[in-house]
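Here's the letter readout for the chains.
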Amino acid sequence: MQGEHDVVVCRLGHRPGRDERMTTHVGLTARALGADRVVFPDNAGQSLETVRDITSRFGGPFEAELEDEQKALIRDWEGAVVHLTMYGERVQDVEEDVRDAHADDPLLVVVGGEKVPFEVYDHADWNVGVTNQPHSEVAGLAVFLDRLFEGRELEQEWAGAEQVVVPEETGKTVVPPEDLEEES
């Protein structure tokens, strides 16, 4: 998030044809809820293009990229590593420690897709469970980022947007940013 050490989300693994929507939603959730970058596996090009398109239309800063050596990214990360898994420690028990680590260094948040290799569990500084019940990795990422940023991500500014959603009780209004400036 702007003004803080980077938060990078690594979507570990992607099964083409099966995970397209979920992988894309990991990237969109990372962007919307304060992460600075998402790293997809090299076979997730469609998700990459969708996230880049959304960032172009609705603003940034946010980066999306492909990486063929994700295990090396995790292993060589200079900062803290959080692996989101339902088998981990409760988020409410470790969130303060994770925030303290993020205050000093960049944070890598690993979100698994396929079966996660044990070495990821072993290398992570924290294996974190948002709940120890089966759930969506997108939901886990959203709750984790909200806990990490303590709600500040909901107030972030989006630079370079071509479109802005107008908050309203009912309706779906999307306008160019200059239309909002004219109303002010």
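Residues numbered from 1 in each chain as written. Predicted model: local features only at pLDDT ≥ 70, side-chain atom pairs only at ≥ 80, totals over all residues. Heavy atoms only, no water.

### What about the packing of aromatic side chains?
So, step 1. Scanning the model with the defined rule gives zero aromatic pairs in all.
So, step 2. Sitting over the ring of Trp158, Arg31 keeps its end group 4.2 Å from the ring centre. (Phe/Tyr/Trp six-rings, centres within 6.5 Å; stacked < 30°, edge-to-face > 60°. Lys NZ or Arg CZ within 6 Å of the ring centre and 35° of its normal.)

### Observations regarding the environment of Gln156
So, step 1. Locating Gln156 in the fold gives a position in the loop between helix H6 (137-149) and strand E7 (164-166).
So, step 2. A residue is classified by how much of its surface remains accessible, and Gln156, at 15% relative accessible area, is buried.
So, step 3. As a C-alpha pair, Gln156 and Leu33 span 123 residues in sequence and 8.9 Å in three-dimensional space.
So, step 4. Setting aside anything within four residues of it in sequence, one finds Gln156 in contact with Met1, Arg31, Ala32 and Gly34.
So, step 5. Within polar-contact distance, the side chain of Gln156 engages the backbone oxygen of Ala32 at 3.3 Å. (Helix = DSSP H or I, 4+ residues; strand = E, 2+ residues; numbered from the N terminus. Buried < 20%, exposed > 50% of the residue type's maximum accessible area, 1.4 Å probe, protein only. Contact = heavy atoms within 4.5 Å. Polar contact = N/O pair within 3.5 Å; in protein donor to acceptor, adjacent residues only side chain to side chain.)

### Quick look at unusual backbone geometry
Generally, phi is negative for residues other than glycine and the peptide bonds are trans, each holding for most cases.
So, step 1. The residue after Gly60, namely Pro61, is reached through a cis peptide bond having omega 10°.
So, step 2. Unlike most non-glycine residues, Glu150 shows phi in positive territory, near 55°.
So, step 3. Position of Glu150 relative to the elements: it lies in the loop between H6 and E7.

### Details of the pattern of salt bridges
So, step 1. Counting across every chain of the model gives eleven salt bridges.
So, step 2. For Asp19, the salt bridge goes to Arg15, with nearest N and O atoms at 2.9 Å.
So, step 3. Taking the shortest distance from any N to any O, the salt bridge between Asp93 and Arg90 comes out at 2.8 Å.
So, step 4. Looking at Asp93, the relative accessible area reads 47%, which means it is partly exposed.
So, step 5. A residue is classified by how much of its surface remains accessible, and Arg90, at 41% relative accessible area, is partly exposed.
So, step 6. The network of salt bridges with shared partners includes Glu4, Glu95, Arg99, Arg147, Glu150 and Arg152. (Salt bridge = Lys/Arg side-chain N within 4 Å of Asp/Glu carboxyl O.)

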